[in-house]
Amino acid sequence: MSEPVKLTDASAYESFLDKYDTFLIDCDGVIWHGNNVLPNLREALSVLRKKGKKLLFVSNNSAKSRKGYLKKFKKLNIEIHDGEIFGSAYASAYYIKNVLKFPKEKKVYVVGDVGIIEELESEGIRYAGANEDSNFDTSNWDFANIKQDPEVGAVLCGFDIHVNYLKYAKAFTYLNSNPECLFFLTNDDPTFPANGTIYPGGGAIAAPLITALGRKPDGIFGKPNKPMLDCIIQHLNLNPERTCMIGDRLDTDILFGINGGLGTLFVLTGVNKEQDILAMDARIIPDYYMASLGDISVLDK
């Protein structure tokens with residue numbers, strides 16, 4: 001396996017950019033940490049736009065819909081255009097409706113945040129759970145209160161800041177009592193970067209369900225899994241050989257690019273570090289890596 005090429009100067013940046021027409025860019029750990037834009041990122045993105053590159057911001061964070069991400073980009077004063085955001089919540093809703101042809105008379109039970117709800121609504125998919133089960137009154141708790149909705153035909157689990165036992169119990173009951181009920185994850189990231197550290201991610205939210213059921217999900221829609229790339233290619237008609245995935249996480253972003261036959265650029269501003277790709281036993285090796293995507297701002301003339 002060949003060693004990755006480290007990009008360290010303007011000449012190397014120019015040569016790298018010349019190889020690709022389209023860049024798929026992760027958000028958390030590449031563009032920002034929480035609500036803090038990383039240094040020189042706005043200028044770096046401006047360089048890509050001036051060179052005529054097509055940009056698509058691809059995030060596994062299901063807490064926000066495309067509409068929610070659009071608000072965040074604008075709040076952080078980052079240039080963004082319609083059709084440039086593709087999150088795991090949207091990939092999930094799109095795939096469930098358009099690829100799996102989920103029956104219109106069925107509902108999806110959601111363990112997740114508003115981003116999933118907004119994207120299911122955008123695709124006309126009926127749902128239950130989510131916000132309606134967020135206010136969990138433990139003082140009146142009784143297992144007899146767990147009622148099953150016969151219209152639920154799938155469970156979709158993603159990042160949920162309001163996750164609680166009621167949601168887990170309902171999701172488990174649907175899946176455990178009905179072998180035909182489908183089990184989906186928006187993504188399976190164990191952690192995500194924010195505020196200079198990492199926190200439990202969507203995969204950690206789903207772990208109790210997987211453990212209790214003793215069952216793997218029927219589908220995982222976010223990076224590095226194929227459904228998200230299928231949706232992106234269908235939307236943009238991409239040429240994989242002229243497309244590069246940029247990310248900070250090896251087992252999601254970079255593996256996503258490798259699995260899809262894309263070029264890959266790993267940045268050192270998020271979860272994984274340089275030693276993770278240079279170690280003798282490294283399993284996931286990008287084509288290129290650099291300290292920060294913001295470094296290409298030196299090309300802004």
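As recorded in an unreviewed UniProt entry, the chain goes by 4-nitrophenylphosphatase and comes from Funneliformis mosseae.

A.B. asks: What's the story with the sheet that holds strand E16 (residues 288–290) in this structure? I'm lost.
C.D. replies: Strand pairs in the sheet, formed through backbone hydrogen bonds, run parallel or antiparallel to each other. One open sheet holds the seven strands; their spatial order is E1-E16-E15-E14-E2-E5-E6, and the pairing between them is parallel. Here the strands that pair on one side only, and so sit at the sheet edges, are strand E1 (5–6) and strand E6 (85–87). Pairing geometry for strand E5 (residues 54–59) and E6, over three bridges, is parallel. From the neighbouring strand, Phe57 faces E6, where its bridge partner is Ile85. Sitting on the sheet, helix H9 (residues 250–259) is in contact with strand E2 (22–25), strand E14 (243–247) and strand E15 (263–267), with an inclination near 160° to E15.

A.B. asks: Help me understand the pairing of strand E11 (residues 191–194), please; the structure alone is not making it clear to me.
C.D. replies: Remember that side chains alternate between the two faces of the sheet whenever the strand is regular. As defined by bridge partners, E11 adjoins strand E12 (residues 197–200) across four bridges and the pair is classed as antiparallel. The residue bridging Phe192 from the neighbouring strand is Tyr199, located in E12. Between E11 and the antiparallel strand that follows it, E12, lie two residues; Asn195 among them carries a positive phi value of about 55°.

A.B. asks: What's the story with the pairing of E2 in this structure? I'm lost.
C.D. replies: Residues Thr22 and Leu24 line one face of E2 and the alternating positions Phe23 and Ile25 line the opposite face, and both faces are buried. Summarising the sheet, E2 and E5 pair through four bridges and their orientation is parallel. The residue of E5 that forms the bridge with Ile25 is Phe57. With four bridges joining them, E2 and E14 adopt parallel strand pairing. Bridge assignment links Phe23 to a residue of E14, and that residue is Cys244.

A.B. asks: Can you walk me through unusual backbone geometry in this structure?
C.D. replies: Note: most residues except glycine have negative phi, and most peptide bonds are trans. The linkage connecting Lys223 with the following residue, Pro224, adopts the cis geometry, with an omega of 5°. Looking at the element boundaries, Pro224 is found in the loop between strand E13 (219–220) and helix H8 (226–236). In this structure, Asn77 is a non-glycine residue whose phi angle is positive, near 60°. Taking relative accessible area as the criterion, Asn77 reaches 60% and is therefore assigned exposed. A positive phi angle, close to 55°, is found at Lys101, a residue other than glycine. Mapped onto the fold, Lys101 is located in the loop between helix H4 (88–99) and strand E7 (107–111).

The rules behind these values
- Residues numbered from 1 in each chain as written.
- Predicted model: local features only at pLDDT ≥ 70, side-chain atom pairs only at ≥ 80, totals over all residues.
- Heavy atoms only, no water.
- Pairing = 2+ DSSP bridges.
- Helix = DSSP H or I, 4+ residues; strand = E, 2+ residues; numbered from the N terminus.
- Contact = heavy atoms within 4.5 Å.
- Axes fitted to C-alpha atoms, helices over the stretch in contact; angles between N-to-C directions.
- Buried < 20%, exposed > 50% of the residue type's maximum accessible area, 1.4 Å probe, protein only.

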